[in-house]
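Given next are the chains, with one letter for each unit.
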Amino acid sequence: MDIQSVAPVLKELGSTVRLTIYMQVVRAGRQGVPVGDIQQAISIPNSTLSHHISGLVKSGLISQRREGRVLYCVAEYQQLDSVISFLTENCCIDESRYHSSN
């Protein structure tokens, strides 16, 4: 990943509502969580929920799967891992530049 691809993902998580949705999806594990359960847990209108989920899907953080009449949101853990790796890959690389050891 590069900064151009990470920035939009982080922007999606910059909303408290989207972050709350994403956290529920991540906690649900690899099978996902029904959209109705998310809506019930956070008590927002379906149209608003759909808008927020759409952004998370577009950013690659979640995918959706239909089983009969139930639509599930599933965390895309590889995308999450890629973002975390991008944020940490250069951790402390400039430490000696800013902090001299005495």
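The rules behind these values
Residues numbered from 1 in each chain as written. Predicted model: local features only at pLDDT ≥ 70, side-chain atom pairs only at ≥ 80, totals over all residues. Heavy atoms only, no water. Disulfide = S-S within 2.5 Å. Core = buried A, V, L, I, M, F, W, Y, C linked by side-chain atoms within 4.5 Å. Buried < 20%, exposed > 50% of the residue type's maximum accessible area, 1.4 Å probe, protein only. Helix = DSSP H or I, 4+ residues; strand = E, 2+ residues; numbered from the N terminus. Contact = heavy atoms within 4.5 Å. Pairing = 2+ DSSP bridges. Axes fitted to C-alpha atoms, helices over the stretch in contact; angles between N-to-C directions. Parallel < 35°, antiparallel > 145°, perpendicular 65-115°, else oblique. Left-handed = near helix turned anticlockwise from the far one by under 90°. Nonpolar A, V, L, I, M, F, W, Y, C, P; charged D, E, K, R; others polar.

Participant: With reference to specific residues and values, describe the state of the cysteines.
Facilitator: Tallying each qualifying case throughout the model produces zero disulfides. Not part of a disulfide, Cys92 finds its nearest cysteine sulfur in Cys91, a span of 3.2 Å.

Participant: Any chance you could break down the nonpolar core for me, citing the residues and the numbers?
Facilitator: One finds Val25 and Cys73 to be the most contacted residues of the largest nonpolar core, which totals 20 residues. Elements represented by at least two residues in this core include exactly helix H1 (3-12), helix H2 (16-28), helix H3 (35-42), helix H4 (46-58), strand E3 (70-75) and helix H5 (77-88). Among all residues touching Val25, those that are not within four sequence positions of it are Val33, Ile38, Ile62, Cys73, Val74, Ala75 and Tyr77.

Participant: Which residues make up the sheet that holds strand E2 (residues 62-67), and what values do they have?
Facilitator: On the basis of which strands lie adjacent, the open sheet formed by three strands has the order E1-E3-E2 and antiparallel pairing. What marks the edges here is a single partner per strand, and that holds for strand E1 (33-34) and E2. Pairing geometry for E1 and E3, over two bridges, is antiparallel. Bridged to Pro34 within E3 is Tyr72. Packing of H4 onto the sheet brings it into contact with E2 and E3, and relative to E2 it is tilted by some 115°.

Participant: Please set out the packing of H2 against H3 residue by residue, giving values where relevant.
Facilitator: It is the contact of H2 with H3, at a shortest axis distance of 11 Å, that shows an interaxial angle of 130°. Looking at the two axes, H2 sits oblique to H3. Crossing of H2 against H3: the hand is right-handed. Of the residues in H3, those in contact with Val17, Thr20, Ile21, Gln24 and Val25 of H2 are Ile38, Ala41 and Ile42. The residue makeup of the contact of H2 with H3, split by class, is six nonpolar, two polar and no charged.

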